[in-house]
Amino acid sequence: MGVALTRAAQWTGPARLKDTPANEALVRAVAAFVEQLGSRHPREAECVFQEPLRWRTALGASDFQTEYDISGPTVQSRERDEAGRPLLHLSPPDVSVLTFSQLSELLQVAENKKLEEVRACLEANRDPLVQILGPEIEQKDMPSELKSRLLALLQQLDSDLLRLSIEHVSPNAKKSSEALKSEVELLWTFCGDENLLKSVKYTSDYVFPNGCRSPPWRQVHGDICHLLVQPYDIEVLHITCSISGVFLNMGVTQEGAEESMYDRRGDLYEGLVSLLAATSPHFAKNVSRQDFTVLEDSSSTQNNPHVESVDTGNCGQAQRPDEHREKNVHEKARQWLGPNKPGCTKKLEPSSKWSKLGLSSPKWEAEKKKKMRKTPQPDVRRKTNFSGSSLHGQSTQRIKTTSDDFSESSSESEEDEELTERRTETNSDLPSEYWQIQKLVKYMKWGNQTATVIVLCALRDFNLAQETCQLAIRDAGGLEVLLNLLGTEEVKCMIGSLMILKEISRNSQNSKAIADLGGLQTMVDILDSPNKDLKCLAAETIANVAKFRKDRRSVRKHGGISRLVELLDCVPDPSPSTLQKQRDVEVARCGALALWSCSKSTKNKEAVRRAGAIPLLARLLKSPHENMLIPVVATLQECASEPSYRVAIQTEGMIEDLVKNLSRENQELQMHCASAIFKCAQDKRTRDLVQQYGGLEPLVSLLSHSENKQLLAASTGAIWKCSLSMENVAKFEEYNTLEILVKLLTNQPEEVLVNVAGALGEFARKPANRVTINNCGGIPPLVNLLTGTNQALLVNVTCALGACASESKCMGTIDSLDGVRLLWSLLKNPNPDVQASAAWAICPCIENAKDAGEMVRSFVGGLELIVNLLKSSHLEVLTSVCAAIGNIAKDKENLAIITDHRVVPMLAKLTHTNDDTLRRYLAGAVEHCCTWGTNCAMFGEEGAVAPLVRYLKSTDPAVHQATALALYQLSKDPNNCINMYENGVVKPLVDMMGSTDEVLQEAAARCVRNIRLLALANEKARYG
């Protein structure tokens, strides 16, 4: 918002945000801020805007729930401002919002469309701060403390958005800023000299962490810094240095100038020297007379783009550029640019950037040869003398400003950039193999068929697993040649090319380059070849290349999935008798490898299933060869995330084979088998099959491999899912699984902890296991995990602690470790699953704590927090919070407090639900809340009685019992009795009086009694 929205955001036209990663990150950050503001700063979220935010929405009246006033397509919030305006008003397609609280609730209603809503809001409200806080924001004079705090929060958001936008340009800006800094420092050495420049100054002294000096809203446009350069012959030049190049601006003298002053004036140049030479004739005339040198530090020599060292001798220590600026011009010229110093052994040449200007001349070449003849020693320092005529012809070269030159591909991954940077650092000391491979690739380009085959064989002799060798082939243009060979009909050349491509495609840069050159389509076509060696090599190479989403999509679009599935058509043989059968097995193995890589995309999984891969994979799963089983099982476990595959794995009888392979020695195979069971064991039938085939004990035995974290995560996940069946829990107890799992609660990665906590939660459903967990010391590490941030881990830990809290001894341990407070704090977590699981865990804690009422009151703001969660739109959160409120309300003091926080109208709003689970716990909360003051009458006034009567039509006996108890409490108010009678409560209650449930019987009878007593009193009053 603010500066970030007006300057950092990228717009197309006056009212549309560009579809860029930076804008997407900005929209996500604004959405997250709005969603979290209500829970973290509830008072500020209720602050009414000066003017409403209006935009065109995709939401309709059907998206909103009953807490809004809905009239046809129009929706209004029940809350209004002092002027009587609804805080939210929807008249499709227009919506207006007056508080962040209502905006947050609207985003919750939007669910998957919330980012589109935020984008539409930002596009329609280009200056939201003025609409929110009023024109006083310009004078920074807020009329209230509340608005001042809200302004501070919005300013912090503004800073965060700017920082987020900068992150999208920081990697390239850092490299460019370092090069630019070196160029500026070089120009500083010539400042004050009458032959060149008067001064070179930055407009800002502050340097950001990415090396830039431009303000953040200019960095998002690629600006690095702004300079003021004073030549001798013209006025001050206002220069902008950016990632794209160097250009003159409209006159930026200090940062924070008007936006128009940053606009480009004139052409774009490659460097400062190019621009100065083209702009200042005096500079262009005299620059050729200057000498060049470098800092003697080797790291500076490698990284400074202005100088190139051609020898590695030692030289006297040079002064830093800042030290040069402190000395007078003549002394500087003697010490920095003077003739050869004694003992200096480093050869120096003009930098590549200056050479590109065409500054070197035949005169310099002649002088260099003359010096070489006179001085045979290799450690003589050279002095360069440039020709002015050469400068005049070349200095005005300008670089093209096409997008191809300066824009970066958004598809480049961070991994690719890191590899490129690492390659740059090692480029100065390449091994001899690098140059040998480059020569061979040149021979392969120009040689005939025989020479090509010889070169391919020679390349195979190198260690192609080394990154240097892999990149040498790519740098010499070898990838294009190797891919072109795949289009020939020479089988030997094709096999040799694929052998090399298979090895070098393990490098992510090479695999991406192969895909960009269209290599995947060529290799997919090779899968139709009758030559099985070609099929194998092509499939293995596809497996290496299809690591990125777009490459997997490319395989599918070119028909590669069905062809790879055809390769699986092989009958596994324990001992292939012929070479032909051995090749068939190898073809199937390679096909499974490629499918493993491709099946990481959801659409590819469906394509694999439609191609008929499931029965073929089931057949290969019976293979005795581990190298075959690993890709087959890996493919199955990747696809097992889809329900259709889980059913097929069960019906095709693959569970037995997966269990059998758990007992093999290969840990990678064990890991994939356990992972497949983990994903499939959601279904009870699968869990029963795992037990039937004896898979529980092997899973427990895998827990001993604590050093293999991937295997540990897979095995603990399988144990967790299998323990969903209580029969399996009993089996696990025989193998002492619980004690082993408790030991795994410390010093493990999060993926292991998630599964361990989930399994402990299932084990703790048995009372004896809760005691075991406590005796083994499992409660303290579980409580410690409540301070983490992993959402899945928090859900499982809270479930486990909630189950343990049902045991009084465990509850005592949890309370002594301050575990209840930590559970309560998780109610502030933005994830609704965490909120719900924390609320469920709080229920047994309140039930079993010694002084539950006092404990709950000791949590500052805790009761208000849990009551406010009744505004949530998440069904499980509402259910769990109602259950917790039912327990809290058993203490009269706490009930009085939550009554003051308007718990009665909030509960009344929820009574229109159709979910039986929510009905059950909501009725329980109503029952207990009726016991304080006038709450009973207030429920009737809020319209809660009639919906509760309809609960009696439910088929769930638990709902009947809870509703009858609530109706009995409500029947103590005469008006509620009349309302119940009018809604037909008597007949179902009379029927329930004959139930076998004694609690239900008594509650129904008492409610009918109260209604009857009121009727008798009315008759007596009327007739005497």
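**Q** For this particular structure, what's the right way to read the packing of helix α21 (residues 432-446) against helix α24 (residues 478-485)?
**A** Geometrically, a packed helix pair is captured by the angle between its two axes and the distance between the axes. Interaxial distance between α21 and α24 falls to 10 Å at its minimum, and their mutual angle equals 40 degrees. In terms of orientation, α21 and α24 fall into the oblique class. Crossing of α21 against α24: the hand is left-handed. On α24, the residues touching Val441, Met444 and Lys445 of α21 are Gly478, Val481, Leu482 and Leu485. Considering only residue class, the contact of α21 with α24 consists of five nonpolar, one polar and one charged.

**Q** Just to check I follow, could you spell out the pattern of salt bridges for this structure?
**A** Close approach of charged atoms lets side chains of opposite charge pair. Scanning the model with the defined rule gives 33 salt bridges in all. Among the salt bridges present, the one from Glu540 reaches Lys502, with a minimum N-O distance of 3.9 Å. Taken together, the residues Glu540 in helix α28 (residues 532-545) and Lys502 in helix α25 (residues 491-504) connect sequence positions 38 residues apart. Given the relative accessible area of 14%, Glu540 is considered buried. Overall, the relative accessible area of 16% leaves Lys502 in the buried class. Asp916 is the salt-bridge partner of Arg919, the closest N and O atoms lying 3.4 Å from each other. In this pair, Arg919 and Asp916 both sit in helix α55 (residues 916-929), three residues apart, roughly one turn of the helix. Accessibility expressed as a relative area gives 24% for Asp916, which makes it partly exposed. Sharing partners across several salt bridges, the network here consists of Lys502, Glu503, Arg506, Glu540, Glu586 and Arg589.

**Q** What is the right way to read the packing of aromatic side chains from this model?
**A** Aromatic ring pairs are described here by two measures, namely the spacing of the ring centres and the angle between the planes. Applying the stated criterion across every chain yields a total of nine aromatic pairs. Plain terms: the ring middles of Phe64 and Tyr68 are 5.1 Å apart, the flat faces sit at 80 degrees to each other, and that makes the pair edge-to-face. Like Tyr68, Phe64 is buried. Where Trp840 meets Tyr921, the ring centres are 5.1 Å apart and the plane angle is 75 degrees; that geometry is what we call edge-to-face. Placement of the pair is Trp840 in helix α49 (residues 832-848) and Tyr921 in helix α55, with a sequence separation of 81 residues. Classification of Trp840 by relative accessible area gives partly exposed; the value is 25%.

**Q** Explain the sheet that holds strand β5 (residues 94-97) here, please?
**A** Hydrogen bonds between backbone atoms are what pair the strands of a sheet, whose relative direction is either parallel or antiparallel. In space, the five strands of this open sheet follow the order β1-β5-β4-β3-β2, with antiparallel pairing throughout. On the outer flanks of this sheet lie β1 (53-56) and β2 (68-71), each paired with one strand and no other. For this sheet the average axis-to-axis angle between neighbouring strands, irrespective of direction, equals 10 degrees.

**Q** Could you clarify how one ought to interpret empty space enclosed by the protein in this entry?
**A** Here the idea is plain: a probe the size of a water molecule rolls over the atoms and shows the empty space left. Per the counting criterion, the structure on display carries five cavities of 30 Å³ or more. Every residue lining the largest cavity is counted, 14 residues in all, and those nearest its centre are Val30, Leu103, Val118, Cys121 and Leu122. Here the lining of the largest cavity is composed, by residue class, of 12 nonpolar, one polar and one charged.

**Q** Quick question: what am I supposed to make of the sheet that holds strand β7 (residues 223-231) here?
**A** Pairing is antiparallel across the open sheet formed by five strands, whose spatial order is β6-β7-β8-β9-β10. In this open sheet, the two edge strands, each paired with only one partner strand, are β6 (197-202) and β10 (264-269). This sheet shows a mean twist of 25 degrees between the axes of neighbouring strands, independent of strand direction. When strand β8 (residues 237-242) meets strand β9 (residues 246-249), the two strands line up antiparallel, connected through three bridges.

**Q** What's the story with the environment of Ala607 in this structure? I'm lost.
**A** Secondary-structure assignment places Ala607 in helix α32 (residues 602-610). The spatial distance from the C-alpha of Ala607 to the C-alpha of Val565 is 9.9 Å, given a sequence separation of 42 residues. Apart from the residues within four sequence positions on either side, Ala607 is in contact with Arg556 and Ile561.

**Q** Whenever I open this one, the nonpolar core confuses me. Can you help?
**A** For soluble globular proteins, the rule of thumb is that nonpolar side chains tend to be buried together. The biggest cluster of nonpolar side chains holds 221 residues, and the ones touching the most others in it are Leu760, Trp824, Ile898 and Leu970. In terms of residues, this core owes the most to one element, helix α31 (residues 579-598), which gives 10 residues. Those residues in contact with Leu760 that lie beyond four places of it in its chain are Leu738, Leu741, Val742, Leu745, Ile773, Leu782 and Ala800. Formed by 43 residues, the second largest nonpolar core is a distinct cluster that contains Ala45, Val75, Leu103 and Leu157.

**Q** I'm lost on the state of the cysteines in this one. Help?
**A** Note on terminology: a disulfide is the covalent bond linking the sulfur atoms of two cysteines. This model, assessed by the stated rule, comprises zero disulfides. Left without a disulfide partner, Cys929 is nearest to the cysteine sulfur of Cys930, which lies 7.4 Å away.

**Q** So what exactly am I meant to see when it comes to unusual backbone geometry here?
**A** Keep in mind that most residues, glycine aside, have a negative phi and that most peptide bonds are trans. Along the chain, Pro92 connects to Pro93 via a cis peptide bond; the corresponding omega equals 10 degrees. Along the chain, the position of Pro93 falls in the loop between β4 (88-91) and β5. Even without glycine at this site, Glu111 takes up a positive phi of about 55 degrees. Note that Glu111 resides in the loop between α4 (100-110) and α5 (114-124). Since its relative accessible area comes to 56%, Glu111 is described here as exposed. Positive phi, normally seen in glycine, also occurs at Asn747, with a value near 55 degrees. Mapped onto the elements of the fold, Asn747 is located in the loop between α42 (737-743) and α43 (750-763).

Rules of the game
- Residues numbered from 1 in each chain as written.
- Predicted model: local features only at pLDDT ≥ 70, side-chain atom pairs only at ≥ 80, totals over all residues.
- Heavy atoms only, no water.
- Axes fitted to C-alpha atoms, helices over the stretch in contact; angles between N-to-C directions.
- Helix = DSSP H or I, 4+ residues; strand = E, 2+ residues; numbered from the N terminus.
- Parallel < 35°, antiparallel > 145°, perpendicular 65-115°, else oblique.
- Left-handed = near helix turned anticlockwise from the far one by under 90°.
- Contact = heavy atoms within 4.5 Å.
- Nonpolar A, V, L, I, M, F, W, Y, C, P; charged D, E, K, R; others polar.
- Salt bridge = Lys/Arg side-chain N within 4 Å of Asp/Glu carboxyl O.
- Buried < 20%, exposed > 50% of the residue type's maximum accessible area, 1.4 Å probe, protein only.
- Phe/Tyr/Trp six-rings, centres within 6.5 Å; stacked < 30°, edge-to-face > 60°.
- Pairing = 2+ DSSP bridges.
- 1 Å grid on protein atoms, 1.4 Å probe; cavity = no way out; pocket = protein on both sides within 12 Å on 5 of 7 lines; lining within 4 Å.
- Points joined across faces, edges and corners; volume = space filled by probe spheres on them.
- Core = buried A, V, L, I, M, F, W, Y, C linked by side-chain atoms within 4.5 Å.
- Disulfide = S-S within 2.5 Å.

Read these as geometric descriptors, not functional statements.
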